[in-house]
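Secondary and tertiary structure notes
Listed here are the chains, written in short residue letters.
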Amino acid sequence: MWFREGRTWTTGGSGAAAPFVVTVTVPEAWREELSRRAMGAVRAALTRHAGAATGGEDPAVWINVVGVHEGSIGMNGKPSMSTDIVRYLTRGVEPSAPADLPDGVVIDPVCGMRVRLGPQAHTLVHDGRTIGFCATGCLAVYAQDHDIDLTATVRR
């Protein structure tokens, strides 16, 4: 990995800090869905933490979200699928619905995030109830764990 502090580069002789160049690597199955969220999260994190390098101004940021094919990410010395990554990120999570959960909001059974039901929500009807998911990755893990064929299921 190469890194150069923002204050050590200049562009066009202006003395302005060069942009931060960030690459976020995700499974290809997640790339389109996560691109906007990843870009916003990276920009927000750099804005919070790069104040000294940018003189307190919002940093210039170039963000590239790259999708890699299933099995092309290695975890613990072996090729991993996107569902393996979700399981790794959610290990130890035991989702439970709080008593004060608003109407139309459910808890993702894989990661524990709150999910607002609606036309854009990732949902699955299983055993007669609608289950909401924060992302397609959590939906895929749930489907694998419950032997649900997603190709035969209507969902967003």
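Residues numbered from 1 in each chain as written. Predicted model: local features only at pLDDT ≥ 70, side-chain atom pairs only at ≥ 80, totals over all residues. Heavy atoms only, no water.

By size, the foremost hydrophobic cluster in this structure holds 30 residues, and its most contacted members are Val 24, Val 110, Phe 133, Cys 138 and Tyr 142. When residues in this core are grouped by element, the largest group, 5 residues, is from helix H4 (residues 136–145). The residues contacting Tyr 142, other than those within four sequence positions of it, are Pro 109, Val 110, Leu 124, His 126, Arg 129, Ile 131, Phe 133 and Ile 148. (Core = buried A, V, L, I, M, F, W, Y, C linked by side-chain atoms within 4.5 Å. Buried < 20%, exposed > 50% of the residue type's maximum accessible area, 1.4 Å probe, protein only. Helix = DSSP H or I, 4+ residues; strand = E, 2+ residues; numbered from the N terminus. Contact = heavy atoms within 4.5 Å.)

The next point concerns unusual backbone geometry. In the Ramachandran plot, Asn 76 falls in the positive-phi region, its phi being about 55° despite a non-glycine side chain. On the secondary structure map, Asn 76 appears in the loop between strand S3 (73–75) and strand S4 (78–80). Of the residues examined, Asn 76 reaches a relative accessible area of 73% and is grouped as exposed.

Moving on, we get to the state of the cysteines. Considering all chains together, one arrives at 0 disulfides under this definition. In this structure Cys 111 is not part of a disulfide, and its nearest cysteine sulfur, from Cys 134, lies 3.6 Å away. Here Cys 138 stays free of any disulfide, with the sulfur of Cys 134 as its closest cysteine sulfur at 3.8 Å. Since its relative accessible area comes to 7%, Cys 138 is described here as buried. (Disulfide = S-S within 2.5 Å.)

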